[in-house]
Amino acid sequence: SEVDLEGHFERTVAKDQRIEPRDWMPEGYRATMIRQIAQHAHSEIIGMQPEGNWITRAPSLRRKAILLAKVQDEAGHGLYLYSAAETLGADRPDLTERLISGRQKYSSIFNYPTLSFADVGVIGWLVDGAAICNQVPLCRSSYGPYARAMIRICKEESFHQRQGFELLMTMMKGTTAQREMVRDAVNRFWWPSLMMFGPPDADSPNTARSMAWRIKRHTNDELRQRFVDMTVPQAEALGVTLPDPDLKWNAARGHYDFGAIDWTELKRVISGEGPCNAQRVAHRRRAHEDGAWVREAAAAYAAKHEGAVRD
Ligand code: FAQ
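Residues numbered from 1 in each chain as written. Predicted model: local features only at pLDDT ≥ 70, side-chain atom pairs only at ≥ 80, totals over all residues. Heavy atoms only, no water.

Caption draft 1: Looking closely at the side chain of Asn 277. Here Asn 277 is to be found in helix 12 (residues 277-290). Owing to a relative accessible area of 7%, Asn 277 belongs among the buried residues under this scheme. Leaving out residues up to four positions away in the same chain, Asn 277 has contacts with Tyr 106, Asn 111, Val 269 and Gly 272. (Helix = DSSP H or I, 4+ residues; strand = E, 2+ residues; numbered from the N terminus. Buried < 20%, exposed > 50% of the residue type's maximum accessible area, 1.4 Å probe, protein only. Contact = heavy atoms within 4.5 Å.)

Caption draft 2: Here's a closer look at the site of the ligand. Around the ligand sit 34 residues, and of these Gln 39, Lys 105, Ser 108, Ser 204 and Lys 216 come closest. Contacts to the ligand include Asn 206, whose backbone N or O atom sits 2.9 Å from an oxygen atom. Within the side chain of Asn 220, one N or O atom sits 2.9 Å away from an oxygen atom of the ligand. Protein contact buries 90% of the 1,100 Å² of open area that the ligand shows by itself. When residues of the shell around the ligand are traced back to their parent elements, those giving at least two are helix 2 (27-46), helix 4 (61-86), helix 6 (118-135) and helix 7 (144-172). No other element matches helix 2, which puts 6 residues into the shell around the ligand. For the shell around the ligand, the residue count by class is 12 nonpolar, 13 polar and 9 charged. (Near = heavy atom within 4 Å. Polar contact = N/O pair within 3.5 Å; in protein donor to acceptor, adjacent residues only side chain to side chain. Areas by Shrake-Rupley, 256 points an atom, 1.4 Å probe, with all protein chains shown as cover. Nonpolar A, V, L, I, M, F, W, Y, C, P; charged D, E, K, R; others polar.)

Caption draft 3: View of the pattern of salt bridges. Using the criterion set out here, one finds 18 salt bridges in the structure. Overlapping salt bridges, with partners in common, bring together Glu 51, Lys 70, Glu 74 and Asp 128 in one network. (Salt bridge = Lys/Arg side-chain N within 4 Å of Asp/Glu carboxyl O.)

Caption draft 4: Fine view of the packing of helix 8 (residues 176-195) against helix 10 (residues 220-238). Between helix 8 and helix 10, the shortest axis-to-axis distance is 9 Å and the interhelical angle comes to 145 degrees. Here helix 8 contributes Trp 190, Ser 193, Leu 194 and Met 195 to the contact with helix 10, which in turn contributes Arg 224, Phe 227, Val 228 and Thr 231. Within the contact of helix 8 with helix 10, the residues separate by chemical class into 5 nonpolar, 2 polar and 1 charged. (Axes fitted to C-alpha atoms, helices over the stretch in contact; angles between N-to-C directions.)

Structure (structure tokens):
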């Protein structure tokens, strides 16, 4: 009965075991999971654009090979995650339609422009660093296909983070102009990176329920603090100053204090008013339309092949 099924679901979550696609789950759980996984998948796919911008202008063959590999990994993560959403009954073309019509979100961070090659390094260091902080705990998320996808994705993200740090280290040892590019990129990306973790807990409508269902394992503010604590020593190692005069070690708390985040900026970017929202979505829409003939050809081939097997 419904009561038994619900009891089984609750016990599975409470024991830290995984909910699998064929298991009964509350409709709210299914909807939340589809929302988060789809937003995550869209972020990976839209996230290819800011860095893809620099592939043809990479300063060396080595940097180009690294960047190509990273952007391809992001495509892979997106496909993986769309498959995870499909295990919940989501329809892939419908998710794409929701993205290109602006009805589903993707991470705010990808609505900022990439103005120099230092941005490639800073995205690797800060954006992938933030992504790792957020996603490592999701390896223990209660939905099996999502949690398992996170394991591989996190391994690849840590390569991405290291390549960013190594690129910045190289630039910091270079010319004054190169150090200036790094400084400018860090200044532009620091605050938007902190916004990746979402609104403050008091203003986060989904956190309490997602924590109870063990979809999320930490709150937005907990993960943001963890990211700041992890990143400050890395900035010192690089020799860059983070653009926050209030950033300082608080011995009593055992954490770094940091300045106030401009939440109106996050709201603006999430609601489509960021510097590159229109450009990112238009690019994705164009790519989807340009790919129509490939989808048609693949479907025609599959239909023909199926016929041949039957005959
Ligand atoms: N941007 O109640 P909450 C990557 C939305 S990493 C846009 O706190 P929740 C790797 C939120 O979805 C980036 N929207 O929501 C990479 C919700 O929307 P609703 C992707 C945001 O879900 C690196 C509403 O605001 N990572 O791609 C943002 O409990 C480099 C209320 O917020 C993930 O998606 C934001 N920053 O917590 C790729 C990780 N923050 O309800 C390429 C998985 C919040 O209106 C290059 N996701 N919203 O539909 C999560 O952990 C969670 O969904 C959070 C938000 C923490 C993002």
